[in-house]
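# Summary of structural features
As a plain string of letters, each chain reads:
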Amino acid sequence: MRLVFLGAPGVGKGTQAEMVSAKYSIPKISTGDLLRAAVAQQTLLGKEAKQFMNRGDLVPDNVVIGLVQEKIGTADCAKGFILDGFPRTVAQADTLGTLLAEKELSLDRVVHFVIPREEVINRLSGRRSCSTCPAVYHVEFVPPKQAGLCDECEGELVQRSDDQKETVESRLTVYEEQTSPLIDYYREKNILAELNGSGIVDDVQERLLALLSAS
Ligand code: AP5
Ligand code: MG
């Protein structure tokens, strides 16, 4: 199954992608995670990406397209994949379509996560991410067993630098201007499915799995 999870910052794409990845045994490819890893490792790409990410802007298309192209060509993705946070511009979506068509493949579903704006702000302000593994928590809604420590690896939980209030505002504006046109883009291709992303994580997961099994 080849899926795209589309939606504003903080709607729960990463949380649900992690669970669907385990359920269907297909990799989650998160451009945000790949970019943060490059920033942490201080690679050339990471140094270039950091300035855009800290402002809440999109990293240039050619950089993220290169990252995704590398991943979807690997054997891991033979059974499918979940793209979390990619594509984010029409140019990225066009290139993804071309890359898949070259392999005689296509996307099965683009899931558009929808939640009210106030919920986005609450989710992002309380998010805590593990500093050593991909686990993500929320101080109120998805708390770790021990405050400040990851359940999986006991790594320190930290707040993402782009979850500061001003940066969140910019990310939401960038989403509206540059990414939301993809809703109609994929609706016109008849592969868009709307998902109500409100409510507790398990309820969202149940709705998502029902939607995917009906695809
Ligand atoms: P990225 O990492 O993709 O960030 P994002 O799209 O802004 O989305 P988030 O990761 O913030 O939210 P999410 O939807 O994954 O929510 P989560 O599951 O964590 O991108 C970061 C930056 O990288 C971009 O700004 C850009 O600079 C760059 N970038 C990345 N991809 C790019 C691309 N393709 N092109 C160009 N630039 C790119 O959940 C949020 C919180 O809510 C967590 O605390 C979680 O525990 C909690 N939560 C989740 N579900 C629920 C629920 N049902 N109820 C209550 N709480 C919940
Ligand atoms: Mg995410």
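Refer to the structure printed above.
Being a predicted model, the structure only gives us computed values, none of them experimental. (Residues numbered from 1 in each chain as written. Chains lettered and ligands numbered in written order. Predicted model: local features only at pLDDT ≥ 70, side-chain atom pairs only at ≥ 80, totals over all residues. Heavy atoms only, no water.)

## A short note on helix α2 (residues 31-40)
Listed as buried for α2 are Thr31, Gly32, Leu35 and Ala38. All buried residues of α2 lie within an arc of 125 degrees about the axis, which places them on one face of the element. Each element contacted by the buried residues of α2 is listed here: β2 (28-30), α3 (44-55), α4 (61-72) and β3 (81-84). Downstream of α2 by one or two residues, Gln42 has phi in the positive range, about 55 degrees. (Buried < 20%, exposed > 50% of the residue type's maximum accessible area, 1.4 Å probe, protein only. Helix = DSSP H or I, 4+ residues; strand = E, 2+ residues; numbered from the N terminus. Arc of directions from axis to C-beta. Contact = heavy atoms within 4.5 Å.)

## Concerning the site of ligand 1
In the neighbourhood of ligand 1, 35 residues make up the surrounding shell, with Thr15, Asp57, Arg88, Arg127 and Arg171 lying closest. Here Gly12 contributes a backbone N or O atom positioned 3.1 Å from an oxygen atom of ligand 1. Between ligand 1 and Arg127, the relevant distance is 2.7 Å, taken from an oxygen atom to a side-chain nitrogen or oxygen of the residue. Starting from 1000 Å² of accessible surface for ligand 1 in isolation, the protein chains cover 97%. Those elements that provide at least two residues to the shell around ligand 1 are α1 (13-24), α2, α6 (117-125), β6 (136-138) and α9 (201-213). If one sorts the elements of the shell around ligand 1 by residue count, α2 sits on top with four residues. Its residues assigned to classes, the shell around ligand 1 comprises 16 nonpolar, ten polar and nine charged. (Near = heavy atom within 4 Å. Polar contact = N/O pair within 3.5 Å; in protein donor to acceptor, adjacent residues only side chain to side chain. Areas by Shrake-Rupley, 256 points an atom, 1.4 Å probe, with all protein chains shown as cover. Nonpolar A, V, L, I, M, F, W, Y, C, P; charged D, E, K, R; others polar.)

## What to know about the sheet that holds β2
Here five strands make up an open sheet; going across it, the order is β2-β3-β1-β4-β8 and the pairing parallel. Whereas interior strands pair on both sides, the edge strands pair on one side only; in this sheet they are β2 and β8 (192-196). Adjacent strand axes in the sheet meet at a mean angle of 25 degrees when their direction is disregarded. Sheet topology note: the strand β1 (residues 2-6)/β3 ladder contains four bridges and is parallel. (Pairing = 2+ DSSP bridges. Axes fitted to C-alpha atoms, helices over the stretch in contact; angles between N-to-C directions.)

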